[in-house]
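# Secondary and tertiary structure notes
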Amino acid sequence: MEPSPKDGESAAAAEPSRGGTAPSSGVVVQVREKKGPLRAAIPYMPFPVAVICLFLNTFVPGLGTFVSAFTVLCGARTDLPDRHVCCVFWLNIAAALIQILTAIVMVGWIMSIFWGMDMVILASKY
């Protein structure tokens, strides 16, 4: 008795390779990340300050984001150049409040840690 091929294997095993690869068309694709207003409001801080904010966000959700809001008032730049400094400050305060209020169900705590990691990543690029 001969074993029959499985459904997924039958089409691939039945037809041998056609010999060669498909010709490349030479198309270049560029990928850009589109950030929402809250994510784009994360300030580019000095690396030690970003690490402190990550540490604060890890143990007290939203505290590091709250501290980072004040770095905007001290001149830290963001990905929102067309918005006023006060608007970016309040966006960061709103993100901190969201993290604090949703920390009860663990969503805010996880968001807070990822927010802190984004701060460190932006600081290392800057």
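Residues numbered from 1 in each chain as written. Predicted model: local features only at pLDDT ≥ 70, side-chain atom pairs only at ≥ 80, totals over all residues. Heavy atoms only, no water.

The name given to the protein chain in an unreviewed UniProt entry is STUM protein, and the organism recorded there is Pteruthius melanotis.

It is worth spelling out the environment of threonine 71 at this point. By secondary structure assignment, the location of threonine 71 is in helix α4 (residues 63–73). Using a relative accessible area of 17% as the deciding quantity, one classes threonine 71 as buried. Here threonine 71 is in contact with Pro43, Met45, Val49 and Ala76, once residues within four sequence places are set aside. (Helix = DSSP H or I, 4+ residues; strand = E, 2+ residues; numbered from the N terminus. Buried < 20%, exposed > 50% of the residue type's maximum accessible area, 1.4 Å probe, protein only. Contact = heavy atoms within 4.5 Å.)

This part takes up the UniProt feature "transmembrane region" (unreviewed entry) in the protein chain. Look at the UniProt record and you will see "transmembrane region" (unreviewed entry) annotated at residues 47–76 and 88–117. Between the C-alpha atoms that bound residues 47–76 there is a distance of 12 Å. The span itself is 80% helix and 0% strand. Spanning residues 88–117, this segment combines 83% helix with 0% strand, and its end C-alpha atoms are found 19 Å apart. (UniProt positions renumbered as here; feature names shortened; annotations may be inferred.)

So, about the packing of aromatic side chains. Counted under the stated rule, the structure contains four aromatic pairs. Summarising the aromatic geometry, the rings of phenylalanine 70 and phenylalanine 89 are spaced 5.2 Å apart at their centres and angled 65° between planes, so their arrangement reads as edge-to-face. Here phenylalanine 70 is found in helix α4, whereas its partner phenylalanine 89 is found in helix α5 (residues 85–101), with 19 residues between them in sequence. Residue phenylalanine 89 is classed as buried on the basis of its relative accessible area of 10%. (Phe/Tyr/Trp six-rings, centres within 6.5 Å; stacked < 30°, edge-to-face > 60°.)

The terminal C-alpha atoms of α5 lie 24 Å apart, and with 17 residues this matches the ideal 24 Å at 1.5 Å per residue to within 8%. Taken residue by residue, α5 has Val88, Phe89, Leu91, Asn92, Ile93, Ala95, Ala96 and Gln99 as its buried positions. Buried residues along α5 sit against α2 (37–40), α3 (47–59), α4 and α6 (107–125). (Expected span 1.5 Å × (residues − 1).)

With that out of the way, let us pick up the confidence of the model for the protein chain. Of the residues in the protein chain, 81% have a pLDDT of 70 or more, and the chain-wide mean is 84. Every residue in residues 7–15 scores below 50 in pLDDT, and together they form one contact with partners more than four places removed in sequence or on other chains. (pLDDT = per-residue confidence, 0-100.)

All right, on to the layout of surface pockets then. Computed from the structure, the largest pocket encloses a volume of approximately 190 Å³. Every residue lining the largest pocket is listed: Glu33, Lys35, Arg39, Ile42, Tyr44, Asp118, Ile121, Leu122 and Lys125. (1 Å grid on protein atoms, 1.4 Å probe; cavity = no way out; pocket = protein on both sides within 12 Å on 5 of 7 lines; lining within 4 Å. Points joined across faces, edges and corners; volume = space filled by probe spheres on them.)

So, on to unusual backbone geometry. Backbone geometry at methionine 106 places phi at a positive 75°, although glycine is not the residue there. Tracing the sequence through the fold places methionine 106 in the loop between α5 and α6. Given the relative accessible area of 41%, methionine 106 is considered partly exposed.

This part is about the packing of α5 against α6. Relative orientation and spacing of two packed helices are given, respectively, by the angle between their axes and the distance between those axes. The N-to-C vectors of α5 and α6 enclose an angle of 140°; their axes lie 7 Å apart at closest approach. Taken together, α5 and α6 sit at an angle that is classed as oblique. Considering only the axes of α5 and α6, their crossing is left-handed. Of α6, the residues touching α5 (which contributes Ala95, Ile98 and Gln99) are Gly108, Trp109, Met111, Ser112 and Trp115. (Axes fitted to C-alpha atoms, helices over the stretch in contact; angles between N-to-C directions. Parallel < 35°, antiparallel > 145°, perpendicular 65-115°, else oblique. Left-handed = near helix turned anticlockwise from the far one by under 90°.)

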